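Single-letter residue listing:
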Amino acid sequence: MTPIGYSHLIDALQLNVLPLAKPAFADSSVNRRIDSDHRILFPSGVAVENTLVGHLEFALRHEGVNLEVIDAVFEHLPPDDLIARLRTTPTGEHIRRACFLWEWLTGNELNTGVAVKGGYVDLFPEDVYHTADQSSRAPHFRVRNNALGTPDFCPIVRRAAIPRDPSLPALMQLAQSTLDAVADPDLYSRALAYLYLSETRGSYAIESETPSSNKQERFIQLLKSAGEPVKETEEWLVKLQNVIVRDVYSQEASYRTKQNWLEDSSGRISFLPAPIIDLPRVMRGWEAFINDGSRCSDVLVKAACAAFGLVYLHPFLDGNGRLHRFLIQHVLARSALMGPEIVIPVSAVIGQNIPAYHSVLTAFSRPVTALWNYRRGDIDPIILSAPGSRSYRFFEADREVAFLHAMIKQAVQEEIPRELAWLRGYDQAFSKLNDELDLPQKDLSALIRMTQSNQGALSTKRRKQYHHLPEKVLNRIEEVVRQAFETRKTEEPPES
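All of the points below concern the structure found in this document. (Residues numbered from 1 in each chain as written. Predicted model: local features only at pLDDT ≥ 70, side-chain atom pairs only at ≥ 80, totals over all residues. Heavy atoms only, no water.)

1. Things to note about the nonpolar core
Then, number 1: By size, the foremost hydrophobic cluster in this structure holds 109 residues, and its most contacted members are Leu237, Trp286, Ile344, Ile408, Leu447 and Ile448.
Then, number 2: With 15 residues, the top contributor of residues to this core is helix H16 (residues 398-436).
Then, number 3: Residues in contact with Ile408, not counting those within four places in the same chain, are Leu168, Leu171, Met172, Leu300, Leu332 and Val346.
Then, number 4: Counting 44 residues, the second largest nonpolar core, distinct from the first, contains Val53, Ala59, Leu60 and Val143. (Core = buried A, V, L, I, M, F, W, Y, C linked by side-chain atoms within 4.5 Å. Buried < 20%, exposed > 50% of the residue type's maximum accessible area, 1.4 Å probe, protein only. Helix = DSSP H or I, 4+ residues; strand = E, 2+ residues; numbered from the N terminus. Contact = heavy atoms within 4.5 Å.)

2. Here's the deal with helix H5 (residues 93-106)
Then, number 1: Helix length check: H5 (14 residues) gives 20 Å between terminal C-alpha atoms against 20 Å at 1.5 Å per residue, within 8%.
Then, number 2: Among the 14 residues in H5, 12 count as buried, and that is most of the element.
Then, number 3: Taken residue by residue, H5 has His94, Ile95, Arg96, Arg97, Ala98, Cys99, Phe100, Leu101, Trp102, Glu103, Trp104 and Leu105 as its buried positions.
Then, number 4: Residue Gly107 follows H5 closely and has a positive phi angle near 80°. (Expected span 1.5 Å × (residues − 1).)

3. Some thoughts on the packing of helix H11 (residues 299-313) against helix H12 (residues 320-334)
For any two helices packed against each other, one specifies the inter-axial angle together with the distance between the axes.
Then, number 1: For the pair H11 and H12, the least separation of the axes is 8 Å and the interaxial angle reads 160°. Comparing their axes, H12 and H11 come out roughly antiparallel. Here H11 and H12 pass one another in a crossing that is right-handed. Residues Val299, Lys302, Ala303, Ala306, Ala307, Phe308, Leu310 and Val311 of H11 pack against Asn320, Gly321, Leu323, His324, Leu327, Ile328, Val331, Leu332 and Arg334 of H12.
Then, number 2: Residue composition of the contact of H11 with H12, by class: 12 nonpolar, three polar and two charged. (Axes fitted to C-alpha atoms, helices over the stretch in contact; angles between N-to-C directions. Parallel < 35°, antiparallel > 145°, perpendicular 65-115°, else oblique. Left-handed = near helix turned anticlockwise from the far one by under 90°. Nonpolar A, V, L, I, M, F, W, Y, C, P; charged D, E, K, R; others polar.)

4. Overview of empty space enclosed by the protein
Then, number 1: In the structure shown here, the tally under the stated rule is two cavities of 30 Å³ or more.
Then, number 2: The volume enclosed by the largest cavity comes to roughly 60 Å³.
Then, number 3: What lines the largest cavity is a set of 10 residues, and nearest its centre among them are Tyr196, Leu223, Ala226, Ala333 and Ile342.
Then, number 4: The set of elements that each furnish at least two residues to the lining of the largest cavity consists of helix H8 (213-224) and H12.
Then, number 5: For the lining of the largest cavity, a count of residues per class yields eight nonpolar, one polar and one charged.
Then, number 6: Here the second largest cavity defines a volume of roughly 40 Å³. (1 Å grid on protein atoms, 1.4 Å probe; cavity = no way out; pocket = protein on both sides within 12 Å on 5 of 7 lines; lining within 4 Å. Points joined across faces, edges and corners; volume = space filled by probe spheres on them.)

5. A word on the sheet that holds strand E6 (residues 136-138)
Then, number 1: Read across the open sheet, the three strands follow the order E5-E7-E6; overall the sheet is mixed. Only two strands of the sheet have a single neighbouring strand rather than two, namely strand E5 (121-122) and E6.
Then, number 2: Of the pairings in the sheet, the one linking E5 to strand E7 (residues 143-145) comprises two bridges and is parallel in character. Directly across from Asp122, in E7, lies its bridge partner Arg144.
Then, number 3: Against the sheet, H5 makes contact with E5, E6 and E7, and its axis sits at roughly 45° relative to E7, the strand it touches most. (Pairing = 2+ DSSP bridges.)

6. Quick notes on the packing of aromatic side chains
Then, number 1: Within this structure, the stated rule accounts for 20 aromatic pairs.
Then, number 2: A centroid spacing of 5.8 Å and a plane angle of 20° characterise the contact between Tyr357 and Phe403, whose relative ring orientation is stacked. In this pair, Tyr357 is assigned in helix H14 (residues 354-369) and Phe403 in helix H16, connecting sequence segments 46 residues apart. Assigned by exposure class, Tyr357 and Phe403 land together as buried.
Then, number 3: Plain terms: the ring middles of Phe364 and Phe395 are 6.2 Å apart, the flat faces sit at 75° to each other, and that makes the pair edge-to-face. Taken together, the residues span a long stretch of sequence, with Phe364 in helix H14 and Phe395 in the loop between helix H15 (390-393) and H16 at a distance of 31 residues.
Then, number 4: Judged by its relative accessible area of 5%, Phe364 falls in the buried class.
Then, number 5: Three or more aromatic residues joined by ring pairs make a cluster, and in this case those are Phe153, Phe271, Phe289, Phe308, Tyr312, Tyr357, Phe364, Tyr392, Phe395 and Phe403.
Then, number 6: Above the plane of the ring of Tyr120 lies Arg137, whose end atom (NZ or CZ) is 4.3 Å from the centre.
Then, number 7: Note that Lys302 overlies the ring of Phe289, its terminal NZ or CZ placed 5.5 Å from the centroid. (Phe/Tyr/Trp six-rings, centres within 6.5 Å; stacked < 30°, edge-to-face > 60°. Lys NZ or Arg CZ within 6 Å of the ring centre and 35° of its normal.)

7. A short note on the sheet that holds strand E1 (residues 2-4)
Then, number 1: The strand order across the open sheet formed by four strands is E1-E2-E4-E3, and the pairing between neighbours is mixed. In this open sheet, the two edge strands, each paired with only one partner strand, are E1 and strand E3 (34-35).
Then, number 2: Here three bridges tie E1 to strand E2 (residues 24-27), and the two strands are oriented antiparallel to one another. Along E2, the bridge assignment pairs Pro3 with Phe25.
Then, number 3: Against the sheet, helix H1 (residues 6-13) contacts E1 and E2, and its axis sits at roughly 105° relative to E1.

Below you can see the structure in the form of structure tokens.
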């Protein structure tokens, strides 16, 4: 098998880029294109000019748009080679796309002296990629730039990766109607408070942290500000970071000014975020992406790319994970798909799916960290060479979009109804027992919670804790709690 397209370019130029998900090869054993999960095979006689420009054109035609590889190729490809090819085929769609990309990615101008002909061609094929709502035209190459972002930050999402059943608007409408069905104003208010608390505790729990009551309240107030019409800037992110970090010593005044990294439980480096030398540029691109409402209006794609993009860039030394999950709420709330007071308990559901969450994160962090050349120092790692920022700027977000949809779906279809059912069950048990028993309300509340959390039975430890109460009282509490929460279960809507 002979590498062609992107895989040829990577091998020929020894590019330090992420491994291709599906490298392309010419193979004498096939007589047509064969796509498998791990590679693409073409017949040996496939038309490809054995030059850098020829393989780039082939890749753009048959393999899609890999901005990371293309950006790396342009560090080695003489622009005169592109100009010569364009002069030979001024109507060629893929050489026009390649020339446009050279200007777009390098920031320089190609003085081709060629009158390009032919109709306009999309930079990203519309049938394959989720593209910008409003494209811009480059008349000198007759290319429509429909990228989701800028050369400083441009995530890539394939249409096939975006779940449509149910759609995000349908899920948001279901969340709203589920809460609107709560007739009791007091219960509705408590339900909202419960959702905010659940999301707060869930976000901290993912970091294996239990927030103090003060920090918990600060984060709840932060969640309530999600969606406010603000410009997402460095100053704005710094203020958010200062609210959510563990202590005042971790609060920062700007994006980080030194390289950071994450370690696993054995002390090995598990992730190296964007190189510090490129961080200002990439964060400018991230800010442009989240602030620009004309290029990506799909709320699911916007939330996934902005939130996961930020955690991959890791602009602060602490608090990046909670910021990343807050941004999901911020983009959802800003979209007007749901009421201003509602929060979707995404973090609570992520906490129930930690292996899947870590799988999404490590699918990016492991291969990108392997691009770094470093060795461990006494305190900090010693960076021998860094890969640059292109892997971070042009990350493919298919996994992230699909994962976020799954978490929102579970939160809306399961978690919100479950939390409402819990509140109703608690109210029913408390009302009945408060009428029957002469107990302090705080004790009664605690006993109901402990009984329900232990499948309707007080543990031996809890019975000893309340040894001063008659056994028949404790038995009655168990009986009423089981009845109340069993009733609530039968009232939950069936899963769709």
